[in-house]
Amino acid sequence: MGEQTQRTMKNDLKGQLTVHSDEQIIGKASVGEEESVNALHLPVLYQDEHIIAIEKPPGLLVHRSPIDRHETVFAVQTLRDQIGQHVYPAHRLDRPTSGVLVFSFSSEIAAKLGQQMMDKQVVKTYHAIVRGFVHHTGYIDYALKYRYDKIADKHKRPQQPPQPASTMYQSVAKFEVPEPVGKYQSARYSLVKLSPSTGRKHQLRRHMVHIRHPIIGDTTHGDGKQNKFAKQHFNFNNLALSCTQMGFSHPITGKWVTINSQMHGEMRLWLEKLAPFCV
């Protein structure tokens, strides 16, 4: 492993998060393992009079959903109770995905942020652990059909044509564990950085499957044998996908704001266990 790769990996594993605005540090906090959902506390990454951003743990729904009618804990209500103020989500993160989640204190501001996302003016970065060796930087331009949920999407128009979707990916580190998994003689993984320019449903998970590098822990689109191996050998039980950075133009001030988060705690712990197997 080269020095540059080592430095990159160390930066990705730092237990520190920093928020920048106009290239100046405006907030810095040290966060340990992700907060338990049951603790009803969400780490705040950034806050001003218009916007608040949190670090969403894996497994937490953003808001009430017909997909899980029995769930009682949601990011919207939890954050509202935590800060004593109504909040409006500016975007979504899938339930198993962790990382930067932005809210506003008014529906108007949320709508402005949502419009930036529709206009592809928001920059997002994710980190993921995937199956196999990813050797380079690449660009995925692969249209995705909307996948309907019988409950959540019952009012949506079916049979829409595939929607344009694109993702940049970059290899950060590679690991090889000398244990057979399925048809493979060893368990190979890559830590990758993903930058989507569109926001289709399950885009990153489906795009990585498209290039034969499914994200570990993806029970919908991924590799079941690899998921089982990660669970049994490394006690990894979540989706290895975290939104680690989001940048956007502040809807009131116009200043560029970049918010950074960590990979979730279970991902960081697994990477520490994988470190001796880095190649």
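These figures come from a predicted structure and were not determined experimentally.

> Even after reading the chapter, I still don't get the overall build of the protein chain, so can you show me in this structure?
Looking only at helices and strands, the protein chain has 6 helices and 12 strands in total. In the protein chain, which comprises 279 residues, the share counted as buried stands at 47%. Sequence separation of at least 24 residues holds for 67% of the intrachain contacts in the protein chain that already meet a minimum separation of 6. When the accessible surface of the protein chain is totalled, it reaches about 14500 Å², and 48% of it is carbon and sulfur.

> Help me understand the pairing of strand β8 (residues 137-141), please; the structure alone is not making it clear to me.
Both faces of the sheet carry side chains from a regular strand, because those side chains alternate between them. Burial along β8 is one-sided: G138 and I140 are buried, while T137, Y139 and D141, pointing the other way, are not. Note: β8 against strand β9 (residues 166-177), 5 bridges, orientation antiparallel. Its bridge partner lying in β9, D141 is registered against S166.

> How should unusual backbone geometry be read in this particular structure?
For residues that are not glycine, phi is negative in most cases, and the peptide bond is trans in most cases. In the Ramachandran plot, K120 falls in the positive-phi region, its phi being about 60 degrees despite a non-glycine side chain. Here K120 shows up in the loop between α3 (107-118) and β7 (123-131). Taking the relative accessible area as the measure of exposure, K120 reaches 55% and is therefore exposed. In this structure, R212 is a non-glycine residue whose phi angle is positive, near 70 degrees.

> How should helix α4 (residues 203-210) be read in this particular structure?
Along an α-helix, a turn takes 3.6 residues, which lines up residues three or four apart on a common side. In terms of burial, α4 is largely enclosed, as 6 of its 8 residues are buried. Buried within α4 are the following residues: Q203, L204, R205, R206, H207 and M208. Here the buried face of α4 lies against β7, β8, β9, β10 (187-196) and β11 (241-249). Once α4 ends, the next one or two residues include R212, with phi positive near 70 degrees.

> Explain the side chain of Q116 to me, please; I cannot follow it from the model alone.
Mapped onto the elements of the fold, Q116 is located in helix α3. On the basis of relative accessibility, which here comes to 9%, the residue Q116 falls in the buried class.

> It is not clear to me how the environment of A143 should be interpreted in this structure. Could you clarify?
Its location among the elements puts A143 in the loop between β8 and β9. Along the sequence, A143 and Q163 sit 20 residues apart, while their C-alpha atoms lie 5.1 Å from each other. Non-local contacts of A143, meaning those with residues more than four positions away in its chain, are made with P162, Q163, P164 and A165.

> Can you help me understand the pattern of salt bridges in this one?
For side chains bearing opposite charge, pairing can occur when the charged atoms are close. Taken as a whole, this structure holds 5 salt bridges when the rule is applied. Note that R80 and D81 form a salt bridge whose closest N and O atoms lie 3.1 Å from each other. Measuring nitrogen to oxygen at the nearest pair gives 2.7 Å for the salt bridge that ties R131 to D223. Note that R131 is positioned in strand β7 and D223 in the loop between α4 and α5 (224-234), a separation of 92 residues in sequence. The pair formed by R131 and D223 is uniform in burial state, with each residue classed as buried. By sharing partners, the salt bridges in this structure join D94, R205 and D218 into a single network.

> I'm lost on the packing of aromatic side chains in this one. Help?
The geometry of two aromatic rings is summed up by the distance between their centres and the angle between their planes. Considering all chains together, one arrives at 4 aromatic pairs under this definition. A network of ring pairs unites the aromatic residues Y189, F229, F234, F236 and W270 as a single cluster.

> So what exactly am I meant to see when it comes to α3 here?
An ideal rise of 1.5 Å per residue puts 16 Å on 12 residues; α3 measures up with 16 Å between its terminal C-alpha atoms. For α3, the set of buried residues is I109, A110, L113, G114 and Q116. Looking straight down α3, one finds its buried side chains confined to an arc of 155 degrees; they lie on one side. The outward face of α3, more than 90 degrees from its buried face, is lined by the exposed residues E108 and M118. Among the residues trailing α3, K120 stands out with phi positive, at a value near 60 degrees.

> What is the right way to read the pairing of β11 from this model?
Judged by how many residues are buried, β11 sits mostly within the fold: 7 of 9 residues are covered. When strand β6 (residues 98-104) meets β11, the two strands line up parallel, connected through 2 bridges. The residue bridging G99 from the neighbouring strand is C243, located in β11. The pairing of β7 with β11 spans 6 bridges and is classified as antiparallel. Counterpart to H127 in the pairing with β11 is S242. Examined bridge by bridge, β11 and strand β12 (residues 256-260) share 5 bridges and lie antiparallel to one another. Looking at the pairing, S249 lines up with W256 of β12. Adjacent in sequence and paired antiparallel, β11 and β12 are bridged by 6 residues, among which G254 carries a positive phi angle near 80 degrees.

The rules behind each value
Residues numbered from 1 in each chain as written. Predicted model: local features only at pLDDT ≥ 70, side-chain atom pairs only at ≥ 80, totals over all residues. Heavy atoms only, no water. Helix = DSSP H or I, 4+ residues; strand = E, 2+ residues; numbered from the N terminus. Buried < 20%, exposed > 50% of the residue type's maximum accessible area, 1.4 Å probe, protein only. Contact = heavy atoms within 4.5 Å. Areas by Shrake-Rupley, 256 points an atom, 1.4 Å probe, with all protein chains shown as cover. Pairing = 2+ DSSP bridges. Salt bridge = Lys/Arg side-chain N within 4 Å of Asp/Glu carboxyl O. Phe/Tyr/Trp six-rings, centres within 6.5 Å; stacked < 30°, edge-to-face > 60°. Expected span 1.5 Å × (residues − 1). Arc of directions from axis to C-beta.

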